[in-house]
Amino acid sequence: MQNAAYCSRSAWLRRRNFTKTLLVMKLTFLLMTAAFLHVQATGWTQSVTLSGKNLNMKQVFAAIKKQTGYVVFSKKGLLDEARPVSFSVHDMPLVDFLDLTMKDQPFTYLIADKTISLSRRPAPVVAPAEKRPETPAPDQTPTPTPITGRILDADGNPLAGATISVKNSKISGSSGADGVFTLNVSEGDVMIISYVGYASQQVRVSGQYLGAQKKALFIRLQQGNSDLDQVQVLAHGTSTKRLNPGDITTITAKEIEKNPVNNVFEAIQGKVPGLFIQQVTGQPGGAFTLRLRGSANFTTGAIPPLIVVDGVRYPGGTLPLSTDASYGTQNFLQGGNGLNYINPNDIASIDVLKDADATAIYGSSGAYGVILITTKKAKPGNSSLTANVYTGVSIRGEMPKLLNTQQYVAMRQEALKNDGLTVSPSDLDINGTWPLTRYHDWRKVYMGASAQSTNASLTYSGGAKNSTYMISGSLRNNGNIQRHKGSMGDGTLRFSLNTATADDKFNLNLSGSFLSSKSDMVPYDFSQSLALDAPNAPPAFLPNGSVDWIGAADDPNGPSSAANINRTYKNVTNNLLANGTLVYRPVKGVTLRAIIGYNDMTTKELMGYPTTTMNPTNTQAAQQTHSVFHYSDQRTLTVSPYAEYNRTLWKKGELSVKAGGEITDRLTYWNEISGIGFSSDALLSDPAAGSSVVSSYSQTPLRALGFYGIIKYVWDQKYIIDLNGRRDGSTRFGPDNRFGNFGSVAAAWIFSEEKFIKDHASFLSYGKLRASTGVIGGDAITDYSYLSTYSITGGTYDGAPGLSPNILANPNLKWEKNRDKEIGLELAFLHDRLFVEGNYYHNVTSNQLVARPVSTVTGFPSYTLNSDAVIRNSGWEMSVNTTNIKTRDFTWSTRFNISIPTSKLLKVPTQANQNTNYILGKPLTGILLYKYAGVNPETGYFSYTNAKGVTQDYTSGLTQADKTEFIDLAPKFYGGFQNTVTYKQFSLDFSFSFTSRKGLNSLAQSGYLPGFTGINATTDWLRRWQKPGDNTDIPKVSILNLFVDRLSNFTKSTGAYTNASYARLQNLSFRYHFSPDLLRKMHLKDLTIYLQGQNLLTISKFGGLDPENLSASVIPPLRVFTGGINLTL
Amino acid sequence: MRIIIKHFAIITSILLLTTGCKKYLDTPLPANTISAENAYISDNSISAVVTGNFEEVSSGDVFGGSAGSNLAYLTSLYVDELQNLSTSSSHNIAFYNDAIQPGDTKHWSSLYTEIFDVNSTIEGIRNSTVNLYYKNQWLGESYFTRALLYFYLTNLYGDVPLAITSDYATNNTLSRTPQSQVYQQIIADLRQAQGLLNSGYTDAYGVASTHRVRPNRYAATALLAKTYLYAQKWDSAATQADSVINNTDSYALLSTDKVFSANGKETIWGLAPNVSSAAYEYNFFIAGMPATIPSLNAPLDYNVFGIMDTALVSAFEAGDNRYTTWVRPVSVSGTNPAFTYYFPNKYSSPAVNSVNEIILRLAEIYLIRAEARAHLNDISGAQSDLNAIRTRAGLPNTTAGDQAGLLSAIAKERRIELFTEGANRFFDLKRTGTIDAVMTAFAPQKKATWNHYMQLFPIPTNDLIQDPNLTPNPGYQQ
């Protein structure tokens, strides 16, 4: 190799490039603000409605007690000095209400544990800025004394690492592993206790907690109500939305668990701005497509975002399942998805990293977004046992209506008449052979069943002080709605272990999970052939469920298609996830950390094609039996060691420096044995027993290496700046081009902490302006595209093995460059009851790696190169969260988000004719089409308008130049809308998702136009053209093939695309939580019963096809109804 | 700021030193892959490359076994040999209805993919500096293959780009070369192959073999004879045919039931099966279907979509052995009057992996020489060649006695002898200029309309877009 090892001297010199990156980043500095968590009491959560004139304080406090349950205490006589107040407030948060009430009073308040205590205001009423409660004047000069307390969460579990500071002083400290802290305070001081993810609390130090006779002090923190305080998982470490300068959306287990789904992608659909998720098939175990923000890509469509599960890169896209065209699972599972093998119930949170700041740290793999999945971990606290069980049914989703027999026969007869033909002996459906009164909805026959789904899990967790543990197991099973009652089920065993040395210098976290899944569903999607049979064809099944080869012998489509239910399939997929995190803090401020993640997903598929799938009269049935065993394995090892250094710099500044590396080693491996010709169907489980056996083997390594540095500086909790630098290496490039330097800079300004905002716009409880920019490298190309290689052909020729060229290699391939910019504004009003976030992103991709289509005269369809095209993906994303009503018994909150992505080709590639659908200034996701001019009222055929403006029923004569229309197929906008309503112990959630886009309509997906023997049509065909003068959008029926050719033009015209926009009631969840009193009596910690539904209602004008998967030949997403119980001991 | 950078630099450099070296990224290639330079370092590896090319040809869209792509099958539907029963394969429907669109034929890209492989092989062998024992065989086989591929390419598409290098930049901008020059290239390649190949059959490692699946000198000669015939060089066609027919040690006409058996003496060259399957024709036309079926649509149950057209069935003379051995009647029960389907039965063995697809056989060489001799006015020579074929079929000698009569008798004989084989019917109608007349008369029977432009297949739209110098075949919609 020309380039010596990285540790060599020449490599040292090259490190200069790295420094250069930092300088570039320096130039792009922007300063922003961050605010400290505003000190708030728990009283936020309550609100007061009161109006009246000259009310006295007793009346006011009685109202507070009645409405919020908070009791007011005061020193005797204090209230005598109170002035009467007049106001009219509606649903005002308690704290605001108290502020208002006491604005002109000689006393102030402090809230602790449902108690409001009043004390004399030390000085005359001052400027409005001082309206927050102040330390009451101590009665005597205080002497600092140590106070010891313990900080717990709502469930009584200790919280380690909580910050305790004393108001108006420099004194601060933090709690240890058992939640205990000790601090020097004086009587009357106010301690502020804060912890990420929890609402801060103020505690006034009273004498009873000091001295020799002191009472034990327990402080319970409540989970933060605001999304701003939700924990977010960053590349390395955690933060909260409040203090994060990057763009991250977090979905927690609380939201995920409301969805009775197999794949967590279904649960987060429509909930993450900028993340478009499409379920490709309704089959359990099927595929999903994901697209984060624009597609930014020429040929491959959407490059899926990187999925990282507990620190290990995870196969998030399709799986290397068997691709045997005739016997495999291609159409059935559409390639599957890696996340089908993680039980959504085991997921604690999903963080979607979107902008350059958030993703830069993942280097090249993060170029198309990153989804971090964190599984549930051990938490300190008393041992508890939680059981969750639900069960339910799935039924078929949206499908278009088909013609009944009478309508079908009329259509067929009309087709023959249109063609001037007469009924022939082979037209069994209309020549009287098959009764004209018989009707079957073949979809009901093949896939009308309802399937049961069950999910049960058991978790045991607990621990104390330095060690915590969690063990959980779960089982789930999902039936198939197709006629063959196969199912997919799995079992998971997980553990998580946390331990630390007594001085907390060394910390170890281990977690592991093993999932074993089994599927025996027939690997065949019947929806592909359901329209391909006449509704009056003879039933293909005998009453006992077996295929009726004799009774339905004259129907070629019936028994041969029905016999697919006799195909056999067994898929056993095992998924091992292991993660270890080692933390060592040698000296104050320095943390050394190593995260080691390992994932191994293996799939064994056994597919059989026994004689029962063939006509019993077939003399060669045994010769044609087929069996395939496919074994695939994807194993990934990710090791990322890093060092972190924290110190206070220049008094008010907090500096954090991280540097580390990441090594990824992935091996994709599969082999396949396929046999033909078995002496008995019973031998099909051994493909090697075939009379002719072929085997194949593949093993592809991929390695990636990255080094990075992160500098974060927070000034006065108002201004935050974040710098990332990274050097990446990938085996996807030639030895000379392997490494690339990338980086990003982000800044945030929490302006709500500025004095002028506090003074003049106090309704604003939080305001943050953030911006980020960065350069990220991309390497989303086929492995080894830089090298001219030969591979074995897999078969033999006359007994000899062969080699064959793989690719038109391009040795000059370099990293793709994605320049991402984003600006975001986050605002919260009325104590975070209204939260609004808006983002604008602007990503420019250049040097893009493109599989450029070439003439097949070159021997290949494409040639991979760095295109000189420039593509822009930009868009707006907005989310609004509101708490509409909040009283003691009733709350209603709403979340709404919308994403509006656009893409634009800024520079057309100079390599001419890359693809004629690419037009300067237009989106990349569009296509050029003929201008459809409707069904010609005279002839009944499709007509088009060519480039010269001439409208005709062209069957030939249209050229590329006549494609004058451009239609963008990417979603125009998409998003979701969720509501949560709770009343006493009941809670109701419903969430909608919506998408606006265009799709290929069912007419264009027909493949064959109705009129042929045995091809049924959708009810749209009732409005078909029948006689000259008919004005309609559906053409005349015909059995002539000329008409199929007309369809091929039609599919290339604007007529083939219709609005596929939809809104879907994605999820409905109704829960009842047993009240604490009842639970205490039952000796339970928690008991909840619930009903849930998934994909309940779809509003769309897409002609009955499912507007999500857009396909007439693939089963649409299922409808699921479940009921369950969750119990914690 | 300087402090930040300093801290940053120190920590980063520690990590850079401790974590990994660039060598980590020097991963091995995938297990089933070697670099191109390693493919041309020995006889052994080059043998595998050349074998790989044959495998590609054997499984590709022209000679390969899918009913939606096999050229012999689709052209038989396209002309007057087969009727289509399929309602599910749009390619079959399009071919049967003489209404193909660019998307219906993948033969262009398939042939060019194979041509790229062969061009790479020729360059690789020529550039290889190692001492090769079987260099002549590898080169000869490659030239033969390239000639074969261009023969089909030009007969399907007319003037075609002549790619004789593997360089993508050159090939991506080629314009069409006149068919006469393409024939010159084919002839030049075959002449080279004749000089390089052995006279006997060998296996992949140069060892003499009884298998007739790798081309020898006579395979090149036979294809050369066919090329000269198509190029109307009658003299040369007859001369080349002579040398094959005269090699009676290797080649002989067999009785009709033995013609399609593996490695028989009638075979000049065939393709070995690449996948575990019975012969493609067995799957197309028999596939385990019993001699009596319950309904007119029943063949579909066996994935059999093509039946012999009545015109072809009735073209057989009475007493023709080929009718008895090469045509299979299947009666449909329950029809009144009784109805019978006829299926080609040339490859009647269901045995897996044992039958080769015969591309060149001696009977055709006789017919080539007969036609060439007829054109050269060697009436008796033509008659004797034609009679050789008729005698083998159990038929009396031809009654044709003049050039025109003989040419028409030979055309008829070719139709019967070579039916549903190797696109011969389609090519014969084209090269004899009779296709428009025959198809215009025949097309209405299958509810189609024939147009002159349909003689040439449409060129893929993608290639017309990517290569600005490429022009479409007229008549097709792009």
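Quantities reported herein were computed from a predicted structural model and do not represent experimental measurements.

1. Regarding the overall build of chain B
Thinking step 1. Counting secondary structure elements, chain B contains 20 helices and 8 strands.
Thinking step 2. Taken along the three principal axes of its C-alpha coordinates, chain B extends 105 × 50 × 45 Å.
Thinking step 3. Taken over 478 residues, chain B has a buried fraction of 63%.
Thinking step 4. Restricting to contacts in chain B with at least 6 residues of sequence separation, those with at least 24 account for 69%.
Thinking step 5. Accessible area of chain B: about 16,400 Å², with a carbon and sulfur share of 52%.
Thinking step 6. Once the 33 positive and 41 negative side-chain charges of chain B are each reduced to a mean point, those two points are 3 Å apart.

2. Regarding helix α16 (residues 379–392) of chain B
Given 3.6 residues per turn, any residue in an α-helix points the same way as the ones three and four places further on.
Residue and element names in this part refer to chain B.
Thinking step 1. Spanning 14 residues, α16 covers 20 Å between terminal C-alpha atoms, matching the ideal 20 Å at 1.5 Å per step.
Thinking step 2. Buried residues of α16: Gly381, Ala382, Asp385, Leu386, Asn387, Ile389, Arg390 and Arg392, and no others.
Thinking step 3. Contact partners of the buried residues in α16: α14 (321–326), β8 (357–361), α15 (362–375) and α17 (403–417).
Thinking step 4. Just past α16, the residue glycine 394 takes up positive phi, approximately 80 degrees.

3. Focus on the confidence of the model for chain B
Thinking step 1. On average, residues of chain B carry a pLDDT of 90, and 95% of them reach 70 or more.
Thinking step 2. For this predicted complex, the interface score ipTM comes out at 0.90, while the overall pTM is 0.77.

4. As for the pattern of salt bridges
Thinking step 1. Following the criterion strictly, the structure yields 61 salt bridges over all chains and no others.
Thinking step 2. Note that lysine 907 of chain A and aspartate 868 of chain A form a salt bridge whose closest N and O atoms lie 3.3 Å from each other. Separated by 39 residues along the polypeptide, lysine 907 of chain A in strand β42 (residues 890–907) and aspartate 868 of chain A in the loop between β40 (862–866) and β41 (870–886) bring together distant segments of the chain.
Thinking step 3. A salt bridge links aspartate 1033 of chain A to arginine 1023 of chain A, with the nearest nitrogen and oxygen atoms 3.0 Å apart. Of this pair, aspartate 1033 of chain A sits in the loop between β50 (998–1000) and α13 (1042–1050) while arginine 1023 of chain A sits in the loop between β50 and α13; the two residues are 10 residues apart in sequence, bridging distant segments of the chain.
Thinking step 4. Taking the relative accessible area as the measure of exposure, aspartate 1033 of chain A reaches 37% and is therefore partly exposed.
Thinking step 5. Salt bridges sharing common partners tie together Glu266, Glu317, Asp320, Arg322, Lys346, Arg361, Arg390, Arg392, Lys412, Glu413, Glu417 and Glu421 of chain B.

5. Here we look at the domain arrangement of chain B
Residue and element names in this part refer to chain B.
Thinking step 1. Once the domains are mapped, chain B shows domain 1 (12–85 + 97–274 + 358–466) and domain 2 (280–357).
Thinking step 2. A straight line from the C-alpha centre of domain 1 to that of domain 2 covers 26 Å.
Thinking step 3. The partner domain 2 presents 35 residues to the 45 residues of domain 1 that form the contact.
Thinking step 4. When domain 1 packs against domain 2, close to 3,500 Å² is buried across both sides, 57% of that on carbon and sulfur atoms.
Thinking step 5. If you sort the residues of domain 1 by the area they bury against domain 2, Leu85, Phe260 and Phe419 come out on top, with a joint share of 22%.
Thinking step 6. Taken together, the connections running from domain 1 to domain 2 amount to 5 salt bridges.
Thinking step 7. With a closest N to O distance of 2.7 Å, glutamate 417 and arginine 322 form a salt bridge.
Thinking step 8. At the surface where domain 1 touches domain 2, the tally comes to 21 residue pairs in polar contact (both at pLDDT 80 or more).
Thinking step 9. By residue class, the composition of the side of domain 1 that touches domain 2 is 21 nonpolar, 13 polar and 11 charged.

6. Topic: the packing of helix α2 (residues 57–68) of chain A against helix α3 (residues 94–101) of chain A
Residues and elements named next belong to chain A.
Thinking step 1. Interaxial distance between α2 and α3 falls to 12 Å at its minimum, and their mutual angle equals 180 degrees. When the axis of α2 is compared with that of α3, the two are roughly antiparallel. Of the residues in α3, those touching α2 at Met57, Val60, Ile64 and Thr68 are Leu94, Phe97, Leu98 and Thr101.
Thinking step 2. The class makeup of the residues in the contact of α2 with α3 is 6 nonpolar, 2 polar and no charged.

7. Section: the interface of chain A and chain B
Thinking step 1. Between chain A and chain B, the residue contacts involve 115 residues of the former and 99 residues of the latter.
Thinking step 2. Buried area between chain A and chain B, summed over both chains or domains, comes out near 9,200 Å², and the portion from carbon and sulfur atoms is 64%.
Thinking step 3. On inspection of chain A and its partner chain B, the count reaches 0 salt bridges.
Thinking step 4. The interface formed by chain A and chain B includes 24 residue pairs in polar contact (both at pLDDT 80 or more).
Thinking step 5. With 14 residues, the top contributor of residues to the side of chain A that touches chain B is strand β31 (residues 692–715) of chain A.
Thinking step 6. Across the side of chain A that touches chain B, the residue classes tally to 57 nonpolar, 45 polar and 13 charged.
Thinking step 7. Pairing between strand β35 (residues 789–797) of chain A and strand β1 (residues 33–35) of chain B: 3 bridges, direction antiparallel. The partner of threonine 789 of chain A across the bridge, within β1 of chain B, is serine 35 of chain B.

8. A word on the pairing of strand β20 (residues 347–353) of chain A
Residues and elements named next belong to chain A.
Thinking step 1. Among the 7 residues in β20, 6 count as buried, and that is most of the element.
Thinking step 2. As paired elements, strand β15 (residues 248–252) and β20 share 5 bridges and run antiparallel to each other. Residue pairing for β20: threonine 250 is matched across the bridge by aspartate 351.

9. Quick notes on unusual backbone geometry
Thinking step 1. Even without being glycine, glutamine 334 of chain A reaches a positive phi, approximately 55 degrees.
Thinking step 2. Tracing the backbone shows glutamine 334 of chain A in the loop between α6 (330–333) and β20.
Thinking step 3. Of note, the phi angle at lysine 447 of chain B is positive, near 60 degrees, even though the residue is not glycine.
Thinking step 4. Relative to the elements of secondary structure, lysine 447 of chain B occurs in the loop between α19 (435–442) and α20 (461–466).
Thinking step 5. A relative accessible area of 49% places lysine 447 of chain B in the partly exposed class.

10. Regarding the pairing of strand β44 (residues 931–935) of chain A
All names here are of chain A.
Thinking step 1. Looking at chain direction, β44 and strand β45 (residues 942–945) are connected through 3 bridges and run antiparallel. Paired with valine 935 across the strands is phenylalanine 942, a residue of β45.
Thinking step 2. Remark: 6 residues form the turn of the hairpin made by β44 and β45, two consecutive strands paired antiparallel; glycine 940 in that turn has positive phi of roughly 85 degrees.

11. Quick notes on the nonpolar core
Thinking step 1. Judged by nonpolar contacts, the single largest core of 154 residues is most densely connected at Tyr150, Tyr152 and Trp269 of chain B.
Thinking step 2. The element contributing the most residues to this core is helix α7 (residues 135–157) of chain B, with 13 residues.
Thinking step 3. Looking at which domains feed residues into this core, each of domain 1 (12–85 + 97–274 + 358–466) and domain 2 (280–357) of chain B supplies at least three.
Thinking step 4. When neighbours within four sequence positions are excluded, tyrosine 150 of chain B is seen to be in contact with Tyr112, Ile115, Val160, Pro161, Leu162, Ala163, Val182 and Ile186 of chain B.
Thinking step 5. In terms of nonpolar packing, the next biggest core, distinct from the first, is built from 56 residues, Tyr446, Ile481, Ala537 and Trp1025 of chain A among them.

12. So, the packing of α15 of chain B against α16 of chain B
Residue and element names in this part refer to chain B.
Thinking step 1. One can describe the packing of α15 onto α16 by two numbers: an axis separation of 7 Å at closest approach and a directional angle of 155 degrees. By the criterion of interaxial angle, the relationship of α15 to α16 is roughly antiparallel. Read as a crossing pair, α15 and α16 show a hand that is left-handed. In contact with Ala363, Tyr366, Leu367, Arg369, Ala370, Arg373 and Ala374 of α15, α16 contributes Gly381, Ala382, Ser384, Asp385, Leu386, Ala388, Ile389 and Arg392.
Thinking step 2. Here the residues of the contact of α15 with α16 are counted per class, giving 9 nonpolar, 2 polar and 4 charged.

13. Observations regarding the sheet that holds strand β6 (residues 327–332) of chain B
Residue and element names in this part refer to chain B.
Thinking step 1. A sheet is described by the order of its strands in space; here 3 strands give the open sequence β4-β6-β7, paired in mixed fashion. If you trace the sheet from one side to the other, it starts and ends with β4 (292–293) and β7 (339–344), each paired once.
Thinking step 2. Here β6 pairs with β7 via 6 bridges, running antiparallel. Across the sheet, valine 327 pairs through a bridge with proline 344, a residue of β7.

Rules of the game
Residues numbered from 1 in each chain as written. Chains lettered and ligands numbered in written order. Predicted model: local features only at pLDDT ≥ 70, side-chain atom pairs only at ≥ 80, totals over all residues. Heavy atoms only, no water. Helix = DSSP H or I, 4+ residues; strand = E, 2+ residues; numbered from the N terminus. Buried < 20%, exposed > 50% of the residue type's maximum accessible area, 1.4 Å probe, protein only. Contact = heavy atoms within 4.5 Å. Areas by Shrake-Rupley, 256 points an atom, 1.4 Å probe, with all protein chains shown as cover. Lys, Arg positive; Asp, Glu negative; His and termini not counted. Charge placed at Lys NZ, Arg CZ, Asp CG, Glu CD. Expected span 1.5 Å × (residues − 1). pLDDT = per-residue confidence, 0-100. Salt bridge = Lys/Arg side-chain N within 4 Å of Asp/Glu carboxyl O. Domains from an automatic or database assignment. Buried area = accessible area lost by both parts, 1.4 Å probe. Polar contact = N/O pair within 3.5 Å; in protein donor to acceptor, adjacent residues only side chain to side chain. Nonpolar A, V, L, I, M, F, W, Y, C, P; charged D, E, K, R; others polar. Axes fitted to C-alpha atoms, helices over the stretch in contact; angles between N-to-C directions. Parallel < 35°, antiparallel > 145°, perpendicular 65-115°, else oblique. Pairing = 2+ DSSP bridges. Core = buried A, V, L, I, M, F, W, Y, C linked by side-chain atoms within 4.5 Å. Left-handed = near helix turned anticlockwise from the far one by under 90°.

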